[in-house]
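# Coordinate inspection notes
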Amino acid sequence: MKVTAIICAAGKGERAGFNKNKLLAPLYGAPALWHTLKKFDVPEIDEVIITSSQRDRAEISALAAPFGFKVVAGGETRTESVKNALAAATGDAVLIHDGARPFVSQKLIRECIDCVKAHGSAVCAVTPADTVIYGEEQARLDRNKLYLVQTPQGFLTREIRRAYTLAGDAVYTDDSAVYAEFIAPPVIIGGEPQNKKLTYKSDFDAPPLPSYGEGRVGFGVDTHAFGEGNGVTLGGVGIPCDRALIAHSDGDVLVHAVMDALLSAAGLRDIGHYFPDTDARFKGASSITMLAETLKIIKNAGYAPVNVSASVQAEKPRLKNSIGAIRQSLSRALEIPETAVAVAAGTCEGLGFVGEGLGITAYAAVTVKEV
């Protein structure tokens, strides 16, 4: 069964107060929509279609391009946007997801797909934890019978298309309502508390993260010597220098230390095991891309990063003006808030290998949580 995912991103997000589409506002060092798109880059999904307003089309298309995702014109309402995307969908099953829910897990996405394949529909929802009252009469509702509906919501494509056709010009806030009215009550599956929707500016200031629990700590260190060249890459950021670092890959000593720290925290083997310098695939490779692969490795082992603290020892280049960009780069690669990334830089006061200007050393400590 071929699966299409539709990501709704054509809204204005006016309540967030950014004076632009909130999905293009920064979150964890990248536009919020980028994080949502990354979650849907899984083998189980054959096609991803993103709805976009004409105003945002160029920027959203640029975010979609590295993933190979398609962008279609949105409408004045969410309902119109979904209709447009459904017209372009080629999958037998379709998942419809709000672009403003970047915290959804790939596990929940897979569970939604499995439920559609088994039962024909799947709507993610959670039960409220608070007492719920209704109206001025303050009628108490049984919260055990109430659901807070989330996305993704999955359906057989032919059925949800039929439902939207029968709906005509009516406007709906979610797809399960259309399906329930014209097809059948959809199957409800357990959602996730962290799968919250970005609505207000404060949601970007303190995005929800899963609980840390007991956690684990890892430490990594790496050193590279200087050679001929005119620049170094640290934390995925190119920095001018009168020398370059000698390495099989791009020589990003900071990223290599972070990679080793992550692998150590997860109880796995070191960077040399997964990315050996005898492998031609990694000749001149981008270390920030290798870091993304390391993230997948530790997630497959059941862990995800919580925070990173790194220190770079170098007589040159001076890093003061690059720290912000490095933090943003690591935040994006590791999918954690920029506030969870600390990077310090110092010299060795002319002492030793680093102090004599022969190379750069980086140290990194990380904490990871079980997922």
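Whatever comes next refers back to the structure up there.
Before going into details, it helps to say that this report is about the structure given with it. Because the structure is a prediction, the values reported are computed rather than measured. (Residues numbered from 1 in each chain as written. Predicted model: local features only at pLDDT ≥ 70, side-chain atom pairs only at ≥ 80, totals over all residues. Heavy atoms only, no water.)

Bringing the layout of surface pockets into the picture now. As a volume, the largest pocket reaches approximately 1400 Å³. Surrounding the largest pocket, 45 residues form its lining, Lys39, Gln106, Leu295, Lys299 and Glu335 being those nearest its centre. Contributions of two or more residues to the lining of the largest pocket are made by helix H1 (32–39), helix H4 (106–119), helix H10 (287–300), strand S16 (303–313), helix H11 (323–334) and strand S18 (359–370). For the lining of the largest pocket, the leading source of residues is H10, giving 8 residues. Classifying every residue of the lining of the largest pocket gives 22 nonpolar, 10 polar and 13 charged. Counted as a void, the second largest pocket has a volume near 750 Å³. Taken together, 32 residues make up the lining of the second largest pocket; nearest its centre are Ala10, Gly11, Lys12, Arg78 and Lys197. Secondary structure elements with two or more residues in the lining of the second largest pocket: helix H3 (78–88) and strand S10 (148–156). (1 Å grid on protein atoms, 1.4 Å probe; cavity = no way out; pocket = protein on both sides within 12 Å on 5 of 7 lines; lining within 4 Å. Points joined across faces, edges and corners; volume = space filled by probe spheres on them. Helix = DSSP H or I, 4+ residues; strand = E, 2+ residues; numbered from the N terminus. Nonpolar A, V, L, I, M, F, W, Y, C, P; charged D, E, K, R; others polar.)

A few words now on the side chain of His224. Position of His224 among the secondary structure elements: in strand S12 (residues 216–227). A distance of 3.1 Å separates the side chain of His224 from the backbone oxygen of Ile246, its partner in a polar contact. Within the local environment of His224, its side chain forms a polar contact with the side chain of His256, the two groups lying 3.3 Å apart. The residues touching His224, leaving out its near neighbours within four places in the chain, are Leu245, Ile246, Ala247, Gly251, Val253, His256, Phe353, Gly359 and Ile360. (Polar contact = N/O pair within 3.5 Å; in protein donor to acceptor, adjacent residues only side chain to side chain. Contact = heavy atoms within 4.5 Å.)

This paragraph deals with the nonpolar core. With 47 residues, the main nonpolar core has Leu234, Leu254 and Leu291 as its most contacted residues. For this core, the secondary-structure elements that each account for two or more residues are strand S13 (231–234), strand S14 (237–240), helix H8 (253–265), H10, S16, H11, strand S17 (341–346) and S18. Among all residues touching Leu254, those that are not within four sequence positions of it are Leu234, Gly235, Ala310, Val312, Ile326, Leu330, Val343 and Ala362. By size, the runner-up hydrophobic cluster in this structure holds 44 residues, among which are Leu23, Leu27, Phe69 and Leu156. (Core = buried A, V, L, I, M, F, W, Y, C linked by side-chain atoms within 4.5 Å. Buried < 20%, exposed > 50% of the residue type's maximum accessible area, 1.4 Å probe, protein only.)

Taking strand neighbours across the sheet as the criterion, the 5 strands line up as S15-S12-S18-S16-S17 in an open arrangement whose pairing is mixed. Only two strands of the sheet have a single neighbouring strand rather than two, namely strand S15 (244–245) and S17. Bridging between S16 and S17 involves 6 bridges; their strand directions are parallel. Within the sheet, the bridge partner assigned to Ala310 lies in S17 and is Val343. Contacts between H8 and the sheet are confined to S12, S15, S16, S17 and S18, with S12 contributing the most and set at about 155° to the helix. The strands that H11 touches are S16 and S17; relative to S17, the one it contacts most, it runs at about 145°. (Pairing = 2+ DSSP bridges. Axes fitted to C-alpha atoms, helices over the stretch in contact; angles between N-to-C directions.)

So, about the pattern of salt bridges. For the structure on display, the rule yields 12 salt bridges. Between Lys38 and Glu335 there is a salt bridge whose closest N-O contact spans 3.8 Å. Taken together, the residues Lys38 in helix H1 and Glu335 in the loop between H11 and S17 connect sequence positions 297 residues apart. Its relative accessible area of 22% is what places Lys38 among the partly exposed residues. The class for Glu335 is buried, based on a relative accessible area of 17%. The salt bridge partner of Arg78 is Asp175, with a shortest N-O separation of 3.1 Å. Placement of the pair is Arg78 in helix H3 and Asp175 in helix H6 (residues 175–182), with a sequence separation of 97 residues. Each of Arg78, Asp98, Arg101 and Asp175 takes part in one network of salt bridges that share partners. (Salt bridge = Lys/Arg side-chain N within 4 Å of Asp/Glu carboxyl O.)

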